[in-house]
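Working through the structure, step by step
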Amino acid sequence: MNTLNRGAEKLSESAPSNTVDQTETPDLVVVGSGFFGLTIAERAANELGLKVLVLERRDHIGGNAYSEFDEETGIEVHKYGTHLFHTSNKRVWEYVNRFTSFTNYQHRVFAKYQGQVYSFPMNLGLINQFFGKAHTPDEARALIAEQASEFKTSEAKNLEEKAISLIGRPLYEAFVKGYTGKQWQTDPKELSPDIITRLPVRYTFDNRYFNDDFEGLPVDGYTAWLNKMAEHENIEIRTGVDFLEVADEYKGKIPVVYTGPVDEYFNNSEGRLSWRTIDLEQETLDVDDFQGTGVVNANDPELPFTRVLEFKHLHPERKHTPGKTIVVHEYSRFAEEGDEPYYPINTAEDRAKLLKYRELAKAEPMVLFGGRLGTYKYLDMHMAIGAALSMFDNKIKPHFADGEEFKSGGVDA
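Residues numbered from 1 in each chain as written. Predicted model: local features only at pLDDT ≥ 70, side-chain atom pairs only at ≥ 80, totals over all residues. Heavy atoms only, no water.

1. Topic: the overall build of the chain
The following threshold applies: The helix count covers DSSP runs of H or I at least four residues long, the strand count covers runs of E at least two residues long, and both are numbered beginning at the N terminus. Relative accessibility thresholds used throughout: buried, under 20% of the residue-type maximum; exposed, over 50%; partly exposed, between the two (1.4 Å probe, protein chains only). Contacts are assigned to residue pairs with any non-hydrogen atoms lying within 4.5 Å of each other. Per-residue and other accessible areas were derived by the Shrake-Rupley procedure at a 1.4 Å probe size, with only the shown protein chains allowed to occlude residues. Two residue types count as positive, namely Lys and Arg, and two as negative, namely Asp and Glu; His and chain ends fall outside the count. For charged residues, the charge sits on one atom: NZ in Lys, CZ in Arg, CG in Asp, CD in Glu.
Summing up its helical and strand segments, the chain has twelve helices and 17 strands in all. If you line up the chain on its principal axes, its C-alpha atoms span 70 × 55 × 40 Å. Burial statistics for the chain: of 413 residues in total, 56% are counted as buried. Within the chain, residue pairs in contact and separated by at least 24 positions form 76% of the contacts whose partners lie at least 6 positions apart. For the chain, the accessible area works out to roughly 18,600 Å², and carbon and sulfur atoms hold 46% of it. Of the charged side chains in the chain, 46 are positive and 66 negative; the average position of the first set lies 4 Å away from that of the second.

2. Observations concerning the sheet that holds strand E2 (residues 28-31)
Applicable threshold: What makes two strands pair is DSSP finding at least two bridges between them. For helices, the axis comes from a line fit to the C-alpha atoms of the stretch in contact; other axes are also lines fit to C-alpha atoms, and the angle between any two N-to-C directions lies between 0 and 180 degrees.
Read across the sheet, five strands follow the order E10-E3-E2-E11-E17 without closing on themselves; strand pairing throughout is parallel. The open sheet is flanked by strand E10 (235-239) and strand E17 (367-369), the only strands paired with a single partner. Geometrically, the sheet is characterised by an average inter-axis angle of 20 degrees between neighbouring strands, direction not taken into account. Helix-sheet contacts for helix H12 (residues 381-402) involve E2, strand E11 (256-258) and E17, and the interaxial angle to E17 is about 170 degrees.

3. Concerning the environment of lysine 177
Looking at where lysine 177 falls in the secondary structure, it is placed in helix H6 (residues 169-184). A C-alpha to C-alpha distance of 18 Å links lysine 177 and arginine 276, two positions 99 residues apart in sequence. In this structure, lysine 177 is in contact with Glu160, Tyr172 and Pro188, ignoring residues within four places of it in sequence.

4. A closer look at the UniProt feature "domain: UDP-galactopyranose mutase C-terminal" (unreviewed entry) in the chain
Using the following cut-off: UniProt positions are given in the numbering used here, feature names are shortened, and annotations may be inferred rather than shown by experiment.
UniProt's entry tags residues 174-378 with the feature "domain: UDP-galactopyranose mutase C-terminal" (unreviewed entry), counted in the numbering of this structure. As annotated, residues 174-378 comprises 23% helix and 22% strand, and the C-alpha atoms at either end are separated by 26 Å.

5. Overview of the pattern of salt bridges
Filter applied, for reference: Between Lys or Arg on one side and Asp or Glu on the other, a salt bridge is scored when a side-chain nitrogen of the former is within 4 Å of a carboxyl oxygen of the latter.
Taken as a whole, this structure holds 27 salt bridges when the rule is applied. In this structure, arginine 58 and glutamate 340 form a salt bridge, with 2.8 Å as the shortest nitrogen-oxygen distance. Highlighted residues: arginine 58 in the loop between strand E3 (52-56) and strand E4 (67-69) and glutamate 340 in the loop between strand E15 (325-334) and strand E16 (343-344), separated in sequence by 282 residues. Residue class for arginine 58 comes out buried when judged on its relative accessible area of 13%.

6. As for the pairing of E3
So the rule is basically this: Orienting the strands away from the viewer, one traces the path from the first strand over the helix to the second; a clockwise path indicates a right-handed crossover.
Burial analysis of E3 places five of its five residues in the buried class, which makes it a mostly covered element. Covered by surrounding structure in E3 are Val52, Val54 and Glu56 together with Leu53 and Leu55, the residues of both alternating faces. Chirality of the crossover, the property in question, places the unit of E2, helix H1 (residues 35-48) and E3 among those that are right-handed. Pairing of E3 with E10, which is carried by five bridges, proceeds in the parallel orientation. Opposite glutamate 56, over in E10, you have threonine 239 as the bridge partner.

7. A short note on the packing of helix H5 (residues 159-167) against H6
The cut-off we apply is this: Any angle that falls under 35 degrees is termed roughly parallel, while one over 145 is termed roughly antiparallel, one within 65 to 115 roughly perpendicular, and all others oblique. The hand of a helix crossing depends on one turn: near helix anticlockwise from the far one by less than a right angle means left-handed, and clockwise means right-handed. The classification used treats Ala, Val, Leu, Ile, Met, Phe, Trp, Tyr, Cys and Pro as nonpolar, Asp, Glu, Lys and Arg as charged, and all other residues, Gly among them, as polar.
Their axes nearest at 9 Å, the elements H5 and H6 cross at an angle of 140 degrees. Viewed along their axes, H5 and H6 adopt a mutual orientation that is oblique. Like other packed secondary-structure pairs, H5 and H6 cross with a definite hand, here right-handed. Here Leu159, Glu160, Ala163, Ile164 and Ile167 of H5 lie close against H6, whose contacting residues are Arg169, Leu171, Tyr172, Val176, Lys177 and Thr180. Class assignment of the residues belonging to the contact of H5 with H6 gives a composition of seven nonpolar, one polar and three charged.

8. Observations concerning the packing of aromatic side chains
To keep things clear, this is the line we draw: Working definition: a ring pair exists when centres of Phe, Tyr or Trp rings (six-membered ring for Trp) sit within 6.5 Å. Plane angles under 30 degrees give stacked, over 60 give edge-to-face, the rest tilted. Here, a charge over a ring is recorded when the distance from Lys NZ or Arg CZ to the ring centre is within 6 Å and its angle to the ring normal is within 35 degrees.
Inspection of every chain in the model, using the stated rule, returns 27 aromatic pairs. Note on phenylalanine 35 and tryptophan 225: the rings are 4.6 Å apart at their centroids and 50 degrees apart in plane angle, and the pair reads as tilted. Residue phenylalanine 35 is found in helix H1, and its partner tryptophan 225 is found in helix H7 (residues 222-229); the two are separated by 190 residues along the sequence. Here tryptophan 225 falls in the buried class, since its relative accessible area comes to 1%. Geometrically, the ring pair formed by tyrosine 222 and tryptophan 225 is stacked, given 5.8 Å between the ring centres and 25 degrees between the ring planes. Of this pair, tyrosine 222 and tryptophan 225 both sit in helix H7, three residues apart, which is roughly one turn of the helix. Pair check on accessibility: tyrosine 222 and tryptophan 225 agree, each one buried. Members of the aromatic cluster, connected to one another through ring pairs, are Phe35, Phe85, Trp93, Phe102, Phe214, Tyr222 and Trp225. Cation over ring: arginine 276 sits above phenylalanine 334, and NZ or CZ is 4.3 Å from the ring centre.

Structure (structure tokens):
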């Protein structure tokens, strides 16, 4: 069994072939090679003909979307947890299709509770199975409304009360309480009701996880897609480089798009922002199929992990080594120094710090802050790409093409 801590993991993957002369001064420096950074670099090189230098502190490109094919099994492993591409943004969909084609995969999640497996999100199938009776959609709505009447949503004092006000106590205790407690390492009674805005219940048998217009997985894998974005001759990528250690070479001299942690950029002067992280335990099993699907949530509170991933189910069209599968158990905890930050906790204290960092960012010469870490927002892949396209349109292109002032900031973008 291989325990992976995301902050400590080291992976090797050759970067795309680039031909930029390293003695030349770049027009633009991009810090971080996740989807946000690569979108900026690709647009700047292809549309504006700029020489772009991408600095990446890991030894591979792609940020948390990075994947690699396991030699023993042939299975594509998402090294930082399952990544599923979906969007209703037509511009983003058309953009990403320049670099990869997509399968017709539609994500479906299942939830395990007290020895039984239910389709998820909560839908008519789950309701009928859980309560042991066939309900019509109207009967199911009436049942949940009755159970949810214990609390008024507007008067909920904590996450537990708010969740019960939305879906009722039985479904809350089975499918929210244990899972949420593990995700946050906190009793839901101690969590703010603001953490959840809604808990969707479908009164149909539709068990597709996402509602977006477009969905699929890159046919040749995520790393092939990422390399395609970065292959322009004007893009140079240097991996294993921490920008903050070489920042004096570029700050105030060359426009920079920074996608690293905003608090680290300013040496944590206003205090560290708090994040959740995840640990992954990966093992190769001598079975052809472990759980029959890609993701199963572990809702029982006594189980320490939050979900179980089996990557081969994401690409049923591929051939894999018979009799072998790769299974990953995912654990959630508070991020400590050196860990890979994942989900912003976003407490009132964090928000107060972020406001101060926004002011510092505006005053920083020739630096734009973007991406998940740079804005302290959890961004799905399509959201990161969309935000990068907007930054390019509204900030970068006007500067390089029209001579407009390069205004710093972007933490609140």
